[in-house]
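An overview of the molecular structure
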Amino acid sequence: MPTVDTIAAVATAPGRGGVGIVRVSGPLAREIAQALTGGKLTPRSAVYCDFQDADGEALDRGIAIRFEEPQSLTGEDVLELQGHGGPVVLDMLLERVLSLGARRAEPGEFTQRAFVNGKMDLAQAEAVLDLVNSATRQAARGALRSLSGAFSKRVHGIERELLELRVFCEGAIDFPDEEIDFLSESDVGERLEAVRNHLSALRADARQGALLQDGLNVVIAGAPNVGKSSLLNRLSGEDRAIVTNVPGTTRDTLDADFDLDGMPVRVVDTAGLRETGDAVETEGVNRARRAMAMADVILWVVDDRDTSGDIGEKPRARGMTDATATTIVARNKADLSGRTTGRLSPGVVRISALTGDGIDALAKEIQHAAGYRAGEGMFTARARHLDALASAGEALAAAAERLGANQGELVAEDLREAHEHLGLIVGRVSPDDLLGEIFASFCIGK
Ligand SMILES: Nc1nc2c(ncn2[C@@H]2O[C@H](COP(=O)(O)OP(=O)(O)OP(=O)(O)O)[C@@H](O)[C@H]2O)c(=O)[nH]1
Ligand SMILES: [Mg+2]
């Protein structure tokens, strides 16, 4: 007998909609289906019927589908009730399901069960959420690729190579007399090198995938009146921020999202940095500094007509911020200075926020600063995955070093460690708190 309980939740978004779905998973799903529909449901066939309350009265009328374990989303018996998408009617339906022995699902619990029952690995489960949350079409495609296992497959490929190496090295340890010959005369070194190369290629792709998923935080900063808000409006293609010729127009930070070749970008406009006696503006300047500290990329806007010596100096060099983000200098108002727009040198672009000239070059420079290359076959990844890949890379570097020093036993230990880090990505070895954290970020009904 299964010891798990049966969970239920409204799986569609809250609010009114054409269709609302109640999802049920667990050992009671079959009985609940019978009680609700008054009949036996053949697995995987849609039945149009009444959903009945305890007295046999119809609560709603819709489509019921039952899935039998293990051929279901969660790997358990699953029931899906597709009714009308009103909050009250869905609530009544859910209450009825709960009265039949199910309990309310926690956020992400359906996906968690799919993971626990081996329907998908952890990276795939995370991709479910990433797909729902994706901000651009490319991010959605990338998430679907991860969900289909593109990322996991690459991880498994490296795990397999590692496993072969480990078997070989641990075999060598078991025959200590021959150890030296084993390791120095075999091709272990070359194989280790190959694994390291495959891992760094995967890391590069995963970094792209993380950019695709998490996007880039770009903060526009500079002195008052240089055209920061105009640039925000230009980049986002919206009339988002107030633009006037009064220095100190922007007080609060303000953001807008846009899609840069598939990479989601959040661009933040800030108050012009200056000393001021105005309390509101001073708070704005403090906020601007805080925004800069959190930026991935800072767009430092200057007036191209400004002839002061340090005009091209980045804000950090000028002591205006401690932020270590990559900084791009945008020399604005080229239409007034009359000089040609475009990339002047690495990290320096001349533009006109007013006419839009040079904005393409600036966008390219932002992509370049982020290390983003739009490409086919991208899959999404998360910071957690990047950390695990980095740790695996360090362990392999240590292995290579020890192999050079002929410390066979330690090499085997390093390889085991690298393997474990990779296992974290797909959830082969995952501490409970990590799982809790991942699934808690889902919405209910997922
Ligand atoms: N000719 C020209 N004028 C510009 C350009 N960019 C901005 N301006 C003008 O410069 C003035 C200030 O622009 P804003 O975008 O408000 O400047 P800001 O840096 O946000 O200013 P604060 O919010 O006060 O710090 C406005 O009159 C804009 O129309 C440009 O590229 N060319
Ligand atoms: Mg402004």
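Residues numbered from 1 in each chain as written. Chains lettered and ligands numbered in written order. Predicted model: local features only at pLDDT ≥ 70, side-chain atom pairs only at ≥ 80, totals over all residues.

Within the chain one finds 15 helices and 13 strands. Here the C-alpha radius of gyration of the chain, 28 Å, is well above what a compact globule of 446 residues would show, namely 22 Å. Expressed along its principal axes, the backbone C-alpha trace of the chain runs to roughly 80 × 75 × 35 Å. The 446 residues of the chain split such that 42% are buried. (Helix = DSSP H or I, 4+ residues; strand = E, 2+ residues; numbered from the N terminus. Rg over C-alpha atoms; globule rule 2.2 N^0.38 Å. Buried ≥ 20, exposed ≤ 12 C-beta atoms within 10 Å, placed from the backbone.)

On to the site of ligand 1. In the vicinity of ligand 1 lie 23 residues, with G227, S229, T250, G272 and L354 positioned nearest. At the level of elements, α9 (228–236) and α11 (334–337) are the ones that each hand at least two residues to the shell around ligand 1. No other element matches α9, which puts three residues into the shell around ligand 1. A class-by-class count of the residues in the shell around ligand 1 yields eight nonpolar, twelve polar and three charged. (Near = placed C-beta within 6 Å. Nonpolar A, V, L, I, M, F, W, Y, C, P; charged D, E, K, R; others polar.)

Ordered in space as β3-β4-β5-β2-β1-β6, the six strands form an open sheet in which the pairing is mixed. Only two strands of the sheet have a single partner each, and these edge strands are β3 (47–52) and β6 (103–104). Here six bridges tie β3 to strand β4 (residues 58–67), and the two strands are oriented antiparallel to one another. Pairing of Q52 across the sheet is with A58, part of β4. Sheet strands touched by helix α2 (residues 87–99): β1 (7–10), β2 (17–25), β3, β4, β5 (78–85) and β6. Its angle to β2, the strand with the most contacts, is close to 10°. (Pairing = 2+ DSSP bridges. Contact = placed C-beta atoms within 7 Å. Axes fitted to C-alpha atoms, helices over the stretch in contact; angles between N-to-C directions.)

The next subject is the packing of helix α8 (residues 188–214) against helix α13 (residues 383–404). At a minimum axis distance of 10 Å, the contact between α8 and α13 shows a crossing angle of 160°. With respect to α13, the element α8 is oriented roughly antiparallel. The hand of the α8/α13 crossing is left-handed. Contact residues: V188, G189, L192, V195, R196, L199, S200, L202, R203, A206, R207 and A210 in α8; A383, H385, L386, L389, A392, G393, L396, A399, A400 and L403 in α13. When the residues that make up the contact of α8 with α13 are grouped by side-chain class, the tally is 15 nonpolar, four polar and three charged. (Parallel < 35°, antiparallel > 145°, perpendicular 65-115°, else oblique. Left-handed = near helix turned anticlockwise from the far one by under 90°.)

Its location among the elements puts F67 in strand β4. As a C-alpha pair, F67 and V89 span 22 residues in sequence and 23 Å in three-dimensional space. Aside from chain neighbours lying at most four places away, what touches F67 is P43, R44, S72 and V78.

A few words on the environment of E413. Looking at the element boundaries, E413 is found in helix α14 (residues 408–426). Residue E413 is classed as partly exposed on the basis of its 19 C-beta neighbours within 10 Å. Spatially, the C-alpha atoms of E413 and A398 are 9.9 Å apart, while their sequence positions differ by 15 residues.

What follows is about the pairing of strand β10 (residues 297–303). Burial analysis of β10 places six of its seven residues in the buried class, the great majority of the element. The pairing of β10 with strand β11 (residues 326–332) spans seven bridges and is classified as parallel. Residue pairing across strands places V297 opposite T326, the latter belonging to β11.

Counting 115 residues, the largest nonpolar core has V22, V218, V297, L299 and A330 as its most contacted members. Ignoring sequence-local partners within four residues, the contact set of V297 consists of L216, V218, A325, T326, I328, I366, A369 and A370. (Core = buried A, V, L, I, M, F, W, Y, C linked by C-beta atoms within 7 Å.)

Summarising the model, the chain shows a mean pLDDT of 91, and 96% of its residues fall at 70 or more. Helix α7 (residues 179–185) is the least confidently modelled element of the chain, averaging 60 in pLDDT, while α9 averages 97, the highest of any element. (pLDDT = per-residue confidence, 0-100.)

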